[in-house]
Amino acid sequence: FQKHQDILFETVGALEGLVRHIAVLNDDLVTRAAVTPVIQQLLDRKIFCPFALTVAFFEGIQHILMIVCFRFGPSTGMFHLSPLDTGFSPQKYLVSNMVLASCVVFFVLKETQRGIAKYTLSRRLFWHDLWSFWNLVDIVPIFMVTFCLITVDRTLRHRALVEHDPSEYGTIPFYLRVAISLTTP
């Protein structure tokens, strides 16, 4: 029996596009298909392959890099908008912003590729997932980081070009404080 079961598992696992076809099914059918031992073994093999683990590892590094660069870039730059700040390092700010911008580009490309793959696979799947909660959890932080990156940099440049007394700067704009505090992980 074990020999026949292994042959069946190998045959089903070798079917071209099986995972893509399962992804297009309704949620109930996907759940029912995923609990069958044949599909479980196939998905386990695909998920725990060295390539998938390597991709997950490097995406984790990108996330950590994005968090650190946000802390040293827009978050630190916002505090420099206060006339009381004396410890601002423009070199660290610029390097952090460049690395942060490259991380944003990486994640935008990743989300775009994922959207194109879903659209190619099934238009229904694409439109169903476009406004889902978890898709918004993936996309909104990218836009917030981009907004904070551009807005803080624009405000710093504006204040650097204005030749006023630092005491006339006023306060940090409220919308900027809110955006930074909501975006800061």
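Just above, that's the structure.
As a starting point, this report considers the structure included with it. (Residues numbered from 1 in each chain as written. Predicted model: local features only at pLDDT ≥ 70, side-chain atom pairs only at ≥ 80, totals over all residues. Heavy atoms only, no water.)

**Here's the deal with the environment of Glu59**
Looking at the element boundaries, Glu59 is found in helix H5 (residues 50-72). As for Glu59 and Phe106, which are separated by 47 residues in sequence, their C-alpha atoms are 9.4 Å apart. Leaving out residues up to four positions away in the same chain, Glu59 has contacts with Phe106, Phe107 and Lys110. (Helix = DSSP H or I, 4+ residues; strand = E, 2+ residues; numbered from the N terminus. Contact = heavy atoms within 4.5 Å.)

**Regarding the environment of Ser181**
Locating Ser181 in the fold gives a position in helix H10 (residues 174-183). On a C-alpha basis, the gap between Ser181 and Ser75 in space is 8.5 Å, while along the polypeptide they are 106 residues apart.

**Digging into the packing of aromatic side chains**
Across all of its chains, the model carries 5 aromatic pairs by this definition. Between Phe57 and Phe58, the ring centres sit 5.3 Å apart and the planes meet at 75 degrees, which makes this aromatic pair edge-to-face. Overall, Phe57 belongs to the exposed group, its relative accessible area being 52%. Between the aromatic rings of Phe133 and Trp134, the centroid separation amounts to 4.9 Å while the plane-to-plane angle is 75 degrees, which identifies the pairing as edge-to-face. The pair formed by Phe133 and Trp134 is uniform in burial state, with each residue classed as exposed. A network of ring pairs unites the aromatic residues Tyr119, Phe126 and Trp127 as a single cluster. (Phe/Tyr/Trp six-rings, centres within 6.5 Å; stacked < 30°, edge-to-face > 60°. Buried < 20%, exposed > 50% of the residue type's maximum accessible area, 1.4 Å probe, protein only.)

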